[in-house]
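Take a look at the letters that make up each chain.
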Amino acid sequence: MQRDTRKQERRDKRRTRIRARLKGSASRPRFSVYKSLHHIYVQAIDDEKGTTLAQASTLDKECSSLKSGGNLAAARAVGVLVAQRLKEKGLEEVVFDRGGFPYHGRIKAVAEAAREKGLRF
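Computed from a predicted structure; not experimentally measured. Starting afresh in each chain, residues are numbered from 1 along the sequence in its written order. Reporting in this predicted model follows two pLDDT cut-offs: at least 70 for local features of residues, and 80 or more for side-chain atom pairs to be given and counted; totals over whole chains, interfaces and linings ignore these cut-offs and use all residues. Calculation of side-chain values draws on the structure's entire complement of heavy atoms; hydrogens and water are dropped beforehand.

S.K.: Explain the overall build of the chain to me, please; I cannot follow it from the model alone.
M.R.: The secondary structure content of the chain amounts to three helices and four strands. Taken along its principal axes, the extent of the C-alpha atoms in the chain is 45 × 35 × 20 Å. Here the term buried applies to any residue with accessible area under 20% of the maximum for its type, exposed to any over 50%, and partly exposed to those in between, with areas from a 1.4 Å probe on protein chains only. The buried share among the 121 residues of the chain stands at 39%. Contacts are assigned to residue pairs that have any heavy atoms within 4.5 Å of one another. For the chain, contacts bridging at least 24 residues in sequence account for 60% of all contacts bridging at least 6. The Shrake-Rupley method, run with a 1.4 Å probe sphere, supplies the accessible areas, and residue values consider only the shown protein chains as cover. Accessible surface, the chain: about 7300 Å² in total, of which carbon and sulfur atoms supply 48%. Strands here mean DSSP runs of E at least two residues long; helices mean DSSP runs of H or I at least four residues long; both are numbered from the N terminus.

This is the structure we're talking about:
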């Protein structure tokens, strides 16, 4: 149990360090990714106003056909979905916030899927 809390503390430190440098705006929102064991969540946030411009997760009805919410296919589907929602609002450029997670696996899959749909990081 102690090992798990140390791991969480290290991720919290990384997340704080990353957030200190990243700021989202209305024209270039922060593309924030969070993953749990069973799901993945993505938000596009305007930090100046404190509002969420678009969001997607494996819990959305568009992703209900997926067998699991915690795999690479689900991460790609969420990346595509949030990219489409941002494009509908006329936004093509974002600031990527990996939330303290290593850039590989599901986090990387979300980013690559969003890039394939035309988002620029």
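S.K.: Quick question: what am I supposed to make of the packing of helix α2 (residues 72–88) against helix α3 (residues 106–116) here?
M.R.: Packed helices, taken two at a time, are described by their axes: the angle between them and the distance between them. For helices, the fitted line uses only the C-alpha atoms of the stretch in contact; every axis is such a line through C-alpha atoms, and the angle between N-to-C directions lies from 0 to 180 degrees. Running from amino to carboxyl end, α2 crosses α3 at an angle of 35 degrees, the nearest separation of the two axes being 7 Å. For the pair α2 and α3, the sense of crossing is right-handed. Across from L72, A75, R76, G79, V80 and A83 in α2, the residues of α3 making contact are R106, A109, V110, A113 and A114. Polar here means any residue other than Ala, Val, Leu, Ile, Met, Phe, Trp, Tyr, Cys and Pro, which are nonpolar, and Asp, Glu, Lys and Arg, which are charged; Gly is therefore polar. The residue inventory of the contact of α2 with α3, partitioned by class, reads eight nonpolar, one polar and two charged. Crossings are sorted by hand: turned counterclockwise from the far helix by less than a right angle, the near helix makes the crossing left-handed, and turned clockwise it makes it right-handed.

S.K.: Which parts of the structure should I look at to understand the pattern of salt bridges?
M.R.: Side chains that carry opposite charge are capable of pairing whenever their charged atoms lie near each other. The term salt bridge refers to a side-chain nitrogen of Lys or Arg lying within 4 Å of a carboxyl oxygen of Asp or Glu. Summed over all chains, the structure comprises ten salt bridges. Residue R85 pairs with D60 through a salt bridge whose shortest N-O separation is 3.1 Å. One end of the pair, R85, is in helix α2; the other, D60, is in the loop between β3 (51–57) and α2, and 25 residues separate them in sequence. Ionic pairing is found between K87 and E92, a salt bridge with its closest N-O pair at 3.7 Å.

S.K.: Looking at this model, I keep getting lost on the sheet that holds strand β2 (residues 40–46). Mind explaining?
M.R.: The strands that make up a sheet pair up through hydrogen bonds in the backbone, lying either parallel or antiparallel. Whether two strands pair comes down to DSSP finding at least two bridges between them. With mixed pairing, the four strands of this open sheet are ordered in space as β3-β2-β1-β4. Strand pairing shows two members of the sheet lacking a second neighbour, β3 and β4 (95–97), which therefore form its edges. Going across the sheet, the axis of each strand differs from the next one's by a mean of 20 degrees, ignoring polarity. Where α2 meets the sheet, it contacts β1 (30–35), β2 and β3, and its direction lies at approximately 145 degrees from that of β3.

S.K.: Help me understand the nonpolar core, please; the structure alone is not making it clear to me.
M.R.: One broad rule of soluble globular proteins: the nonpolar side chains tend to lie buried together. One finds F31, V33, V42, L86, V110 and L119 to be the most contacted residues of the largest nonpolar core, which totals 24 residues. When contributions to this core are tallied by element, the ones reaching two or more residues are β1, β2, β3, α2 and α3. Element by element, the count of residues in this core is highest for α2, at six residues. Only buried residues count toward a nonpolar core. Its members are Ala, Val, Leu, Ile, Met, Phe, Trp, Tyr and Cys residues joined through side-chain atoms within 4.5 Å.

S.K.: So what exactly am I meant to see when it comes to the environment of K35 here?
M.R.: One can find K35 in strand β1. For the pair K35 and A75, spaced 40 residues apart in sequence, the C-alpha separation works out to 9.2 Å. Setting aside its immediate chain neighbours within four residues, K35 contacts I40, F101, R106 and I107.

S.K.: Help me out: how do you make sense of α3 in this one?
M.R.: Side chains of residues three or four places apart in an α-helix project in the same direction, reflecting 3.6 residues per turn. All of the buried residues along α3 are R106, I107, A109, V110, A111, A113 and A114. Residues of α3 that are buried sit in contact with β1, β2, α2 and β4. Just downstream of α3 lies G118, where phi reads positive at about 110 degrees.

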